[in-house]
There are 2 protein chains.
Amino acid sequence: MTGPSITIKDVAALAGVSPATASRVLSGNPATSAESRQRVAAAVAQLDFHPNAQARALRSTKTNVIGLLLSDVRNPFFADLAHAAEQAALAEGLVTLLGNANESIPQQDRYLETFISQRVDGVIAAPQGEGSSSLHALLERGIPTVFVDRTVNGIDVPSVTTDSDSGIRQAVEHLARLGHERVGYIAGPQTTSTGRDRLKSFSRAARDFGLSSDPALTYFGDFQSASGSAGAHHLLGLAQPPTALLAADSPMAVGALATLNRKGLRIGRDIALIAFDDIEWFSLLDPPLTVISHDVEAMGRAAVGLLLEVIDGRKPESVVLPSELIVRASSGTPDPSLGQP
Amino acid sequence: MTGPSITIKDVAALAGVSPATASRVLSGNPATSAESRQRVAAAVAQLDFHPNAQARALRSTKTNVIGLLLSDVRNPFFADLAHAAEQAALAEGLVTLLGNANESIPQQDRYLETFISQRVDGVIAAPQGEGSSSLHALLERGIPTVFVDRTVNGIDVPSVTTDSDSGIRQAVEHLARLGHERVGYIAGPQTTSTGRDRLKSFSRAARDFGLSSDPALTYFGDFQSASGSAGAHHLLGLAQPPTALLAADSPMAVGALATLNRKGLRIGRDIALIAFDDIEWFSLLDPPLTVISHDVEAMGRAAVGLLLEVIDGRKPESVVLPSELIVRASSGTPDPSLGQP
DNA sequence: CTGAAAGCGCTTACAG
DNA sequence: CTGAAAGCGCTTACAG
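Since this is a predicted model, take the numbers as computed values, not measurements. (Residues numbered from 1 in each chain as written. Chains lettered and ligands numbered in written order. Predicted model: local features only at pLDDT ≥ 70, side-chain atom pairs only at ≥ 80, totals over all residues. Heavy atoms only, no water.)

Asks: Quick rundown of the relation of the copies chain B and chain A? Include the residues and the values.
Replies: Overlaying chain B with chain A gives an RMSD of 0.1 Å, the required rotation being 180 degrees about an axis along which the chain moves by 0.0 Å. This pairing of chains is accounted for by a two-fold axis. Comparing interface residues between copies, 98% of those in chain B also lie at the interface in chain A; the contact surface is shared. (Least-squares fit on C-alpha atoms with pLDDT ≥ 70 in both. Contact = heavy atoms within 4.5 Å.)

Asks: Provide a residue-level description of the protein's contact with DNA strand D, including the pertinent values.
Replies: Looking at DNA strand D, there are 25 residues lining it, with Ser23 and Arg59 of chain A together with Thr21, Arg24 and Ser36 of chain B nearest. Restricting the count to atoms of DNA strand D within 4 Å of the protein gives a sugar and phosphate share of 63%. Between DNA strand D and alanine 55 of chain A, the relevant distance is 3.3 Å, taken from a base nitrogen to a main-chain nitrogen or oxygen of the residue. In this structure, a phosphate oxygen belonging to DNA strand D sits 2.9 Å away from a side-chain N or O atom of serine 18 of chain B. If you list the elements that add at least two residues to the surface near DNA strand D, you get helix H2 (19–26) and helix H4 (53–60) of chain A together with helix H2 (19–26) and helix H4 (53–60) of chain B. Per-element tally for the surface near DNA strand D: the top contributor is H4 of chain A, with 5 residues. Tallied by class, the residues present in the surface near DNA strand D amount to 11 nonpolar, 9 polar and 5 charged. (Near = heavy atom within 4 Å. Polar contact = N/O pair within 3.5 Å; in protein donor to acceptor, adjacent residues only side chain to side chain. Helix = DSSP H or I, 4+ residues; strand = E, 2+ residues; numbered from the N terminus. Nonpolar A, V, L, I, M, F, W, Y, C, P; charged D, E, K, R; others polar.)

Asks: Requested: an account of the pattern of salt bridges, with residues and values cited.
Replies: Side-chain pairs of opposite charge can arise whenever the charged atoms involved come near each other. Inspection of the entire model under this criterion finds 30 salt bridges over all chains. In this structure, arginine 204 of chain A and aspartate 165 of chain A form a salt bridge, with 3.4 Å as the shortest nitrogen-oxygen distance. Placement of the pair is arginine 204 of chain A in helix H9 (residues 193–208) and aspartate 165 of chain A in helix H8 (residues 164–177), with a sequence separation of 39 residues. On the basis of relative accessibility, which here comes to 23%, the residue aspartate 165 of chain A falls in the partly exposed class. A salt bridge links lysine 62 of chain B to aspartate 121 of chain B, with the nearest nitrogen and oxygen atoms 3.6 Å apart. Here aspartate 121 of chain B lies in the loop between helix H6 (105–117) and strand S3 (122–125) and lysine 62 of chain B lies in the loop between H4 and strand S1 (65–70), a separation of 59 residues in the sequence. Given a relative accessible area of 40%, lysine 62 of chain B falls into the partly exposed group. A relative accessible area of 9% means that aspartate 121 of chain B is categorised as buried. Three or more residues are tied together by salt bridges with common partners; here these are Arg169, Arg207 and Asp208 of chain A. (Salt bridge = Lys/Arg side-chain N within 4 Å of Asp/Glu carboxyl O. Buried < 20%, exposed > 50% of the residue type's maximum accessible area, 1.4 Å probe, protein only.)

Asks: How would you explain the sheet that holds strand S6 (residues 183–187) of chain A if you had to name every residue and give the values?
Replies: Residues and elements named next belong to chain A. The mixed open sheet is built from 6 strands, whose spatial order is S7-S6-S8-S9-S10-S12. Each of the sheet's edge strands pairs with one partner strand only, and the pair in question is strand S7 (218–220) and strand S12 (323–326). Averaged over all neighbouring strand pairs, the angle between strand axes comes to 15 degrees, with direction disregarded. Note that S6 and S7 share 3 bridges and pair parallel. Within S7, the position partnered with tyrosine 185 by the bridge is threonine 218. Lying on the sheet, helix H10 (residues 225–236) is in contact with S6, S7 and strand S8 (244–247); it crosses S6 at an angle near 150 degrees. (Pairing = 2+ DSSP bridges. Axes fitted to C-alpha atoms, helices over the stretch in contact; angles between N-to-C directions.)

Asks: Explain the sheet that holds strand S6 (residues 183–187) of chain B to me, and be specific about the residues and the numbers.
Replies: All names here are of chain B. A sheet is described by the order of its strands in space; here 6 strands give the open sequence S7-S6-S8-S9-S10-S12, paired in mixed fashion. Only two strands of the sheet have a single neighbouring strand rather than two, namely strand S7 (218–220) and strand S12 (323–326). Here the average twist between neighbouring strands, direction ignored, is 15 degrees. Relative to strand S10 (residues 290–294), strand S9 (residues 272–276) runs parallel, the two sharing 3 bridges. Among the inter-strand pairings, alanine 275 is bridged to a residue of S10, identified as valine 291. Of the strands in this sheet, S6, S7, strand S8 (244–247), S9 and S10 are in contact with helix H9 (residues 193–208), which crosses S6 at around 165 degrees. Helix-sheet contacts for helix H10 (residues 225–236) involve S6, S7 and S8, and the interaxial angle to S6 is about 150 degrees.

Asks: I'd love a proper account of the domain arrangement of chain A, names of residues and values included.
Replies: Segmentation of chain A into domains returns domain 1 (8–51), domain 2 (65–161 + 297–322) and domain 3 (164–294 + 325–338). Relative to domain 2 of chain A, the C-alpha centre of domain 1 of chain A lies at a distance of 36 Å. (Domains from an automatic or database assignment.)

Asks: So what's going on with the protein's contact with DNA strand C? Residues and values would help.
Replies: Residues in close proximity to DNA strand C total 24 residues, the closest being Thr21 and Arg24 of chain A together with Ser23, Arg56 and Arg59 of chain B. For DNA strand C, the fraction of protein-proximal atoms (within 4 Å) that sit in sugar or phosphate groups is 63%. Between arginine 59 of chain A and DNA strand C, the recorded distance is 3.4 Å, taken from a side-chain N or O atom to a base nitrogen. At 3.4 Å, a backbone N or O of asparagine 52 of chain B approaches a phosphate oxygen of DNA strand C. Looking at the surface near DNA strand C, the elements with two or more residues in it are H2 and H4 of chain A together with H2 and H4 of chain B. The element contributing the most residues to the surface near DNA strand C is H4 of chain B, with 5 residues. Of the residues contributing to the surface near DNA strand C, the split by class is 10 nonpolar, 9 polar and 5 charged.

Asks: Tell me about the interface of chain B and chain A, and name the residues and values.
Replies: Opposite the 55 residues of chain B that make contact, chain A presents 54 residues. Between chain B and chain A the total buried area reaches about 5,300 Å² when both faces are included, carbon and sulfur atoms providing 54% of it. Linking chain B with chain A are 30 residue pairs in polar contact (both at pLDDT 80 or more), by the criterion used here. Broken down by secondary-structure element, the contributors of at least two residues to the side of chain B that touches chain A are H4, helix H5 (76–91), strand S2 (95–100), H6, helix H7 (133–140) and helix H11 (250–262) of chain B. (Buried area = accessible area lost by both parts, 1.4 Å probe.)

Right under this line is the structure:
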């Protein structure tokens, strides 16, 4: 469309210096004279020069690009995480290549391969499944990598995760105090560390607080809303249905909510509902939803911080962020008919 | 960390061919023998070779990367759009570099500069404001660009937009039929084409259906939720407050909802509420929200389709997608006290 | 502080 | 169908 794009040679020629000097000025190398700096700056402005990032990366083996691999951008938790990480990266001069695995391992592999080919400076990943081949390829090449939200067994990279246990324990205690004995749990996929950890925490807390440990009360979803609907449907159809539901992420909670509404159950009265992940509008529902909340902003920032340390060759400690129960009306008020004093 | 990364020379050596032949095999050039193809493929597999995308791009002036510039990833509309566009691009072998302008022009400029330096093959943008300098730089370089959702006056690039007018007209007619005369409108920023178009449509429809044209009934928000809260607060504080509210996007509708709930107003009875943009959980609220819906999936796919045509040197026609009203309980039922037969 | 030269890892006419 | 050679646009020792 336009002519051949302008290069550092054009800038150098216009400034009356060598390409080497122009390059030094552009990269902020202190070994330049004030005069050169001024002349090069003027030439850059006049020509509207944008250095070719490919050529720069090829020579310097730095791209200033990081890869961010997420499970599902449409999940508000990950959208917030993407926003937080991307803003934190931008503040460090890094741009973010976003890969959306769509909760699919082949698609995760595809993006990881792309990250390798693009020679990203580092990768922040919320990984699926157990070490896919591409994840191993990434690490074998020594590409700085950190995990966020999720981890993978047997892969030792720094991570930022949520301590789901505290929040889940609070939620179970809360339900037990309200007199619930049969609590249905809509679990995440057991191929993710968060899916496994949260189920473990729930089971342990259920036992500790004297809730039923009937295995039929656990339904295995996939962190997407349709499985939340199906889970609620299934659990309510049990011979002995639960009096409360806990969903392991927000899309599944939304799905469960839809099912409860469709069945005409009054949430907070006929049945209690608690969601893992706080979302702005959960507090706007009628009744507002009781949630287990954690700090997504902090998670995104911490992930970028860890990645920068790994890029610098350090071996930072993993970060674990807290979770906590926020009680709202969806978990109901004490109901004497449930046998509570 | 690991040794020097392996290159096409290593592959060629192991396969017993020249780098040129290896390159031809890798790029699918038909001028290769079956034997070469087989030997190179084996070497690639054995060495786990990933071609350096920087070097390839430098030489071939194709990066297979597109830039996607959005206003705000946390807005569910844009999250869905990002998902749709990214999946469509991936199906065409293109990876997506995501830039989140965060409804800020300087940040938009920063990402556009990055896209230029990264020599992306094309850009899909939901632009802010009137042609920022970087937007012009992009176009002057002849970088293929399409607009999605929004356009910029005086910049003639193909676009995919929503015909907001039909949906807004249906919404206003619906409210008029229910007997509403004073409808508060929470507008988007007038620096965006969608903000302007929707306000124009609302004003015209209000006049056509005999609603009040009191300018005090329009509040100017910024498409983010806090301004929806503020807008509802302001409109309800008028000497003659509106009996219905229409918000120009979903985050502002969420904000308005929060304000209405806080004030103890019963939505669908004390006041009607309609949102532009359909979001899964809007139908799950109590009462479910009446919305103006449009097809985000189709928008993302169409944007990628247009961009591919522009990259191919064609000049495709812009695409306009329809919008339509979906009536739910939040807009209420006819109320005789409002003077409707 | 500066410039000439080499080279990052590919691809692509060119000649065979 | 194949290979030798040049070159994409930068950066970086090296020598001065």
